Amino acid sequence: MTRAMSRTPVEDLNRAEAAAELARLAAEIQHHDTLYYQQDDPEISDADYDALRRRNEAIEARFPDVILPESPSHRVGARPSAGFGEVAHSVPMLSLSNAFADEDVAEFLARIRRFLNLAPEAALDILAEAKIDGLSLSLRYEAGELVQAATRGDGTKGENVTANVRTVGDLPARLKGKGWPEAIEVRGEVFMRRDDFFALNARQEAAEAKAFANPRNAAAGSLRQLDAKVTASRPLHFIAYHWGELSAPIGAGMWEIRQRLADWGFQVNEPASLCHDLDEVLAFYRATMAARADLAHDIDGVVYKIDSLALQERLGFVSRAPRWAIAHKFPAEQAQTLLKAIDIQVGRTGALTPVARLEPITVGGVVVSNATLHNEDEIARKDVRVGDTVIVQRAGDVIPQVVSVVKDKRPKGSRKYKFPETCPVCQSHAVREPDEAVRRCTGGLICPAQAVERLKHFVGRNAFDIEGLGTKHIVAFWDDGLIETPADIFRLKAREAEIAAREGWGGKSAENLIASIEARRRVPLERFVYALGIRQVGQATAKLLALNYETLDAVIRSMNEAADPEGPAFGDLLNIDGIGPGVAAEIVGFFTEPHNREVLEDLQRELTVEAAKAPDDTDSPVAGKTVVFTGTLETMSRGEAKAGAESLGAKVAGSVSKKTDYVVVGADAGSKARKAADLGVTTLSEAEWLTLIGRGNLV
Ligand code: IVH
């Protein structure tokens, strides 16, 4: 590896030199990280390694606009002292959206046909296969040899479990057959068979060790053993169903690739079938459900995937799940138990949520002792009372629910449940808005429950993602006055000694916490907006705001201007495709509330909020442009047009204004095309648009 550090003082670098050196440093630090974490074989001293990182930071501080997405400073700097190393997934490991009813599957296929502009009955090749209930794993092979195995982690970085995975019996250490690419990441599921699980639990009990709740937990616990010898003694299996990075294509469709994976030595999913329409996939679902008990391992549903990779490419992704696949879950498993009490929990927005405390019961292999009762109206509708015997259900990872009451078993003299009208935590009034099912605490800032929930949201994985600051610590820090508002988190550095002296802490853990906080002083605008916890503003809406306003200052200014619902700023907000009047009102309400403004100013003093950039390709001809699609398009649906434009960094608006850059006019366009002409906005035909974005070959 060539040395990336030049001798030029950072102050003397120009922008181009800085950019070039950052790229070299990123590669070199990555190289040393790989040697250190994955091969336990560093080739430079810690001091030299630290010098590389410091130089990287110094250059980034001087030239923040050339920081690379793959910059080492985006990873937490501290090397883990124990446990597993980290592996960045160059192709993210995604999850799947779920379907529970046949109608959800029908809608999934209909949506795909609409998106692809296909006729409602057009045949599609769909691979259907069992969905294994295990944990996903990514295996990297280079020149046919297994070189790395990583867990999914948060989807972008997982744990390096290579040593443990080498002990899993049925995965090839060397790929069999021929035709595999030089580099290939094979993805699939690690799991434990049911009989092995029972035998393992019997051994655990004999050794007075803790039994595992279900085969999935047993597989996870076994894989994540620090001692690979322990993993080797646990019977784990692997089934391949997908892939990550590839140095060369491995096929044009899922069915074909499935066969190839089998040829290379992997177990593949059974049962599986290539289906062509709704009836066929539903028949597969029912047959698989009937065969479920006869399989050696647990499955929790089936997965449908559009077979053609070319169509998958067009369909793309929504948030963290592909549009081209869905998991059709088996129905929830149910059981009866006694409801001992109803407790009220207070959430981030003050919502009071009733929780059923239950006599513990096993539902589908998992012990359940709490279940949600949703809200006041649900309790009234089901007439759930303390002392009732209730039916509880669990479906996959969702929170267990109370489905109904077994009225025959109701004890005499039981009373209707009366929902509290005050907050159980701060005693403020709890009120219901006219159209809302939820009762909310009006205590706002004085309610500790709300404050703690807001802080939890703020540090959560999709927000600031501060490692090591879990619920337990937030509650303890809040109780002792160390943090009250989000900005206080960034002032904890000054109190590191105090934290180190706390019970359960120590110098090293306090240092790690401060390091993970410091690593988050720079934050992308969309994460920042999401972290604020504005009602109805999830990740997707936060992203829309970030892309449309680009900087935090612009968001704050525009939202304050939008306080006038008749003015142009409110109109602009509503004009963002995906933001309706209700959400717009919540956003404006949040930014104009005086206390929130103080919280924002306080945070701005502590943080650098990075301006939003076009997601993919800032050099694209439409990056940053506002586009309106109108009329019927020929080669694609409106949804595909919108997703395609957004992936090139364009903003898609619902109506034409002076700020619109292009109006793409399809057949039978009406008033929007006229308005574009009146305002002098450029109009394009569909063919012209495709040419502009470099897809002119499609027409
Ligand atoms: S396909 C792009 N196929 O279920 C995502 N996933 O709930 C490709 N899973 O994250 C995933 N069996 O860990 C796929 N036959 C199967 C699966 C499967 C289990 C897991 C996988 C995924 C999770 C989503």
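My aim in this report is to walk through the structure given alongside it, one point at a time.

## Some words on the state of the cysteines
Phase 1 of the analysis: Taken as a whole and judged by the stated rule, the model has zero disulfides.
Phase 2 of the analysis: C423 carries a free sulfur, and the closest cysteine sulfur to it, the one in C441, is 3.7 Å from it.
Phase 3 of the analysis: Not engaged in a disulfide, the cysteine C426 finds its nearest cysteine sulfur in C441; these two sulfurs lie 3.5 Å apart.

## Quick notes on the packing of aromatic side chains
Phase 1 of the analysis: Scanning the model with the defined rule gives twelve aromatic pairs in all.
Phase 2 of the analysis: Summarising the aromatic geometry, the rings of Y285 and F330 are spaced 5.4 Å apart at their centres and angled 45° between planes, so their arrangement reads as tilted. Pair noted here: Y285 is in helix α9 (residues 278–291) and F330 is in the loop between β14 (325–329) and β15 (333–346), with a separation of 45 residues, a long-range link.
Phase 3 of the analysis: By relative accessible area, which is 4% here, F330 ends up buried.
Phase 4 of the analysis: Measuring from ring centre to ring centre gives 5.4 Å for F590 and F591, while their planes differ by 75°; the resulting arrangement is edge-to-face.
Phase 5 of the analysis: Taken together through their ring pairs, the aromatic side chains of F458, F464, F490 and F528 make up a single cluster.

## Digging into the site of the ligand
Phase 1 of the analysis: Around the ligand sit 15 residues, and of these E129, R152, E189, Y241 and K305 come closest.
Phase 2 of the analysis: In the environment of the ligand, an oxygen atom lies 3.3 Å from a nitrogen or oxygen atom belonging to the backbone of L94.
Phase 3 of the analysis: Relative to its free-state accessible area of 530 Å², the ligand is covered by the protein chains to the extent of 90%.
Phase 4 of the analysis: Sorting the residues of the shell around the ligand by element identifies β3 (126–132) and β11 (299–306) as the ones contributing at least two each.
Phase 5 of the analysis: Tallying contributions element by element places β3 first for the shell around the ligand, with four residues.
Phase 6 of the analysis: Split into classes, the residues belonging to the shell around the ligand amount to eight nonpolar, two polar and five charged.

## Let's talk about helix α18 (residues 539–549)
Phase 1 of the analysis: Along α18, the residues that are buried comprise T541, A542, L544, L545, A546, L547 and Y549.
Phase 2 of the analysis: Elements in contact with the buried residues of α18: α17 (525–531), α19 (552–561), α20 (568–575), α21 (581–592), α23 (638–647) and β25 (651–652).

Conventions we followed
Residues numbered from 1 in each chain as written. Predicted model: local features only at pLDDT ≥ 70, side-chain atom pairs only at ≥ 80, totals over all residues. Heavy atoms only, no water. Disulfide = S-S within 2.5 Å. Phe/Tyr/Trp six-rings, centres within 6.5 Å; stacked < 30°, edge-to-face > 60°. Helix = DSSP H or I, 4+ residues; strand = E, 2+ residues; numbered from the N terminus. Buried < 20%, exposed > 50% of the residue type's maximum accessible area, 1.4 Å probe, protein only. Near = heavy atom within 4 Å. Polar contact = N/O pair within 3.5 Å; in protein donor to acceptor, adjacent residues only side chain to side chain. Areas by Shrake-Rupley, 256 points an atom, 1.4 Å probe, with all protein chains shown as cover. Nonpolar A, V, L, I, M, F, W, Y, C, P; charged D, E, K, R; others polar. Contact = heavy atoms within 4.5 Å.

These results come straight from atomic positions and should not be treated as a statement about function.
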